[in-house]
Amino acid sequence: MISSSPIRRADVLWRDTLDAVLVRPPGGVEVVKLAGTGRALWAALEEPQRFTDLCADLGATHDAEVSVIAADLAPVVSDLIARGVLAGHDTSPHHDD
Amino acid sequence: MTTDGWLASLAGHGLPGAPPIGELPAPVGELLPAVSAHRLIGVVAAAIADGALEPDPMSRDEIAVAHETSMREVLLLEDVLLDAVDVLGAAGIDHRVLKGAAIAHMVPENPSERVFGDNDLLVRAADIDSSVVALVDAGAHRPAPPLSASFDRRFAKSVTLRWRGATELDLHRTLAAGPYGFLIDRAELFRDPVEVLLAGRAVRTLPSDLHLVHAAIHVALGDVEPRLGNVRDLAQLALRIGSHLDAVIETAAGWGCAAPLAVGLRTTRALGHDLSPIEQWSHSFRIDAVDRRRLTAYAERAGRFRRQALASWRVLGWRDRLAFGVALLAPRAANRSARSRGNGPPPGRRSG
């Protein structure tokens, strides 16, 4: 299950570091560290994006197959939604139009 | 380049006309304590990010770890700040966020550049007792009791509370210890609030001109040797004010605080940048005998608090002088005990 249009949650506290983004979700005691792809994901989700568009953008940036990016990204997005970092409605990929 | 010179060039990074940051003058492990003490680790990270500083990979890694540690602390502080703002809001207490948390979101391009080590909130003197009660009821801890029943609302610069992981929350009645703290028009501090967004929520803070006056007063009257991070704040705020300096000077002069405004602003020359109009004004300002005497109350560490108490006593009205003197000379036994444990405030400075 992944989000059709994930976006950064507006109610998180966050900061850039040299190699990552640190996000403190509301009511959380744990800071989530987004490095590598997670950092690129955070940068890309300042505005909501359809998951397919997001994968296409990141695929172009990293010169990778969209299907590979989608397979890698889907669990990451779901996890970050569960941890309160991203917002989005969970839908099946085939509903992602 | 000396370490002090390098730190000054770091503090001036990005300011118009500032000299380039030189190479690290010592191993990064030796520099980091001073960088942290001056609250400049965020500027180091910013300088690396924009290519102005190119340390070797190992040094870069050490800096990245130090910056990340500071950012984690800042995120905790902001989380606590939002809780405090909620508590005060629920109690109907008007407040303003001061210093680091507000400056970080108003002044630098990226808030990750500004590191801070505590939270500062301003409330009206009439609300300070109820603010302390509300925050303590919500879980904050006051390490030391007030010097007298009315001391906080009449004389304290601020009340220090600790909350969640011992983070420090200073609840301010005014902006400075000593005589200048009593001269500041505290009602004016609540004019023209500006909102900054924290976690998508608007919190109220001072407008830029009052932040500038506060930053200058803090640099001039706070630590005997000001942090370069605070001097950088001041230079950046002066830059924002630009040619609109007259209103700022009038505000400070109206309080009797033009001298600390000028003294604070003069410190920015050490950063080597092109001085803004109000920084130039500070170098032409002449300090009169009254202010010279008042300013000596803030110089040198030894005897500082006794001198501040004495200088404060001179600017108070007769009724307040009596209460102030009694509070300082005959503190409650419990407070004496707290002070003897090292928890209490220096006389006339902070309460609790």
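Structure: see above.
Calculation rules
Residues numbered from 1 in each chain as written. Chains lettered and ligands numbered in written order. Predicted model: local features only at pLDDT ≥ 70, side-chain atom pairs only at ≥ 80, totals over all residues. Heavy atoms only, no water. Contact = heavy atoms within 4.5 Å. Buried area = accessible area lost by both parts, 1.4 Å probe. Salt bridge = Lys/Arg side-chain N within 4 Å of Asp/Glu carboxyl O. Buried < 20%, exposed > 50% of the residue type's maximum accessible area, 1.4 Å probe, protein only. Helix = DSSP H or I, 4+ residues; strand = E, 2+ residues; numbered from the N terminus. Pairing = 2+ DSSP bridges. Axes fitted to C-alpha atoms, helices over the stretch in contact; angles between N-to-C directions. Expected span 1.5 Å × (residues − 1). Bend = angle between axes of the 7 residues up to and from the residue. Core = buried A, V, L, I, M, F, W, Y, C linked by side-chain atoms within 4.5 Å. Polar contact = N/O pair within 3.5 Å; in protein donor to acceptor, adjacent residues only side chain to side chain.

Peer 1: Lay out the interface of chain B and chain A with the relevant residues and their values.
Peer 2: Taken together, the 26 residues of chain B in the interface contact 15 residues of chain A. Carbon and sulfur atoms supply 57% of the area that chain B and chain A bury against each other, a total of about 1,600 Å² over both sides. By the criterion of area lost to chain A, the three top residues of chain B are B:Arg72, B:Leu75 and B:Ala199, representing 35% of everything that side buries. At the boundary of chain B and chain A, one finds four salt bridges. Across the pair A:Arg24 and B:Asp79 runs a salt bridge, and its minimum N-O distance is 3.2 Å.

Peer 1: Can you break down helix H1 (residues 3-11) of chain B residue by residue, with the values?
Peer 2: Within the sequence span of H1(B), burial applies to B:Trp6, B:Leu7, B:Ala8, B:Ser9, B:Leu10 and B:Ala11. Buried residues in H1(B) make contact with helix H2 (28-37), helix H3 (41-49) and helix H10 (228-241) of chain B.

Peer 1: Got a sec to walk through the sheet that holds strand E3 (residues 13-16) of chain A? Specific residues and values, please.
Peer 2: Within the open sheet, the three strands sit side by side as E3-E4-E5 (chain A). Their pairing is antiparallel. Looking at strand neighbours, the two that pair on one side only are E3 and strand E5 (32-35) of chain A, the edges of this open sheet. Adjacent strand axes in the sheet meet at a mean angle of 20 degrees, parallel and antiparallel pairs treated alike. Strand direction decides the pairing type here: strand E4 (residues 20-24) of chain A and E5(A), joined by four bridges, are antiparallel. When the sheet's bridge partners are listed, A:Val23 is paired in E5(A) with A:Val32. Across the sheet, helix H1 (residues 37-44) of chain A touches E3, E4 and E5 of chain A, and the angle it forms with E5(A) is around 95 degrees. Contacting E3, E4 and E5 of chain A, helix H4 (residues 57-90) of chain B crosses the sheet at an angle of about 160 degrees to E3(A).

Peer 1: Before we move on, could you go through helix H3 (residues 66-82) of chain A and cite the residues and values that matter?
Peer 2: Residue and element names in this part refer to chain A. With 17 residues, H3 should reach 24 Å at 1.5 Å per residue; the first-to-last C-alpha distance of 24 Å fits that figure. The largest bend along H3 measures about 30 degrees and falls at leucine 73, with the proline proline 75 one to four residues further on. Buried residues of H3: Ile69, Leu73, Ala74, Val77, Leu80 and Ile81, and no others. One or two steps after H3, the chain reaches glycine 84, where phi turns positive at roughly 80 degrees.

Peer 1: Help me get a handle on the nonpolar core, residues and values and all.
Peer 2: Generally speaking, soluble globular proteins have nonpolar side chains that are buried together. If you look at the biggest cluster of nonpolar residues, it comprises 107 residues, and the most contacted ones within it are B:Leu121, B:Leu135, B:Leu171, B:Leu212, B:Leu261 and B:Ile278. Here this core takes 14 residues from H4(B), the largest share from any one element. Not counting residues within four places of it along the chain, the set of residues in contact with B:Leu135 comprises B:Ala84, B:Val87, B:Leu88, B:Ala140, B:Leu161, B:Trp163, B:Leu169 and B:Leu171. Counting 20 residues, the second largest nonpolar core, distinct from the first, contains A:Leu45, A:Leu54, A:Cys55 and A:Leu73.

Peer 1: Explain unusual backbone geometry to me, using residue names and the numbers behind them.
Peer 2: All names here are of chain B. Here the phi dihedral of aspartate 192 falls at roughly 45 degrees; this positive angle occurs in a residue that is not glycine. Mapped onto the elements, aspartate 192 comes out in the loop between helix H8 (178-183) and strand E5 (194-198). In this structure, alanine 199 takes a positive phi of about 50 degrees despite not being glycine. One can find alanine 199 in the loop between E5 and strand E6 (201-205).

Peer 1: I'd love a proper account of the pairing of E6(B), names of residues and values included.
Peer 2: Pairing analysis gives five bridges linking E5(B) to E6(B), with the strands arranged antiparallel. Directly across from B:Leu198, in E6(B), lies its bridge partner B:Arg201.

Peer 1: Any chance you could break down the side chain of B:Asp94 for me, citing the residues and the numbers?
Peer 2: All names here are of chain B. Secondary-structure assignment places aspartate 94 in the loop between H4 and strand E1 (95-98). On the accessibility criterion, aspartate 94 (19% relative accessible area) is buried. At a separation of 2.9 Å, a polar atom in the side chain of aspartate 94 contacts the side chain of arginine 96. In this structure the side chain of aspartate 94 is engaged in a polar contact, spanning 3.1 Å, whose partner is the side chain of arginine 124.

Peer 1: Break down the environment of B:Val97 for me, with residues and values.
Peer 2: Residues and elements named next belong to chain B. Structurally, the position occupied by valine 97 is in strand E1. A relative accessible area of 1% places valine 97 in the buried class. A C-alpha to C-alpha distance of 14 Å links valine 97 and serine 131, two positions 34 residues apart in sequence. Ignoring any residue separated from it by four or fewer positions in sequence, one finds valine 97 in contact with Leu81, Ala102, Asp120, Leu121, Val203, Arg204, Thr205, Leu206 and His211.

Peer 1: Requested: an account of the pattern of salt bridges, with residues and values cited.
Peer 2: By the definition in use, this model includes 26 salt bridges over all chains. Salt-bridge contacts for A:Asp11 lead to A:Arg9; the nearest nitrogen and oxygen are separated by 2.8 Å. In this structure A:Arg9 comes out as partly exposed when scored by relative accessible area, which is 28%. Connected via shared salt-bridge partners are A:Arg24, B:Asp79, B:Asp83 and B:Arg164.

In short, geometric facts, not functional conclusions.
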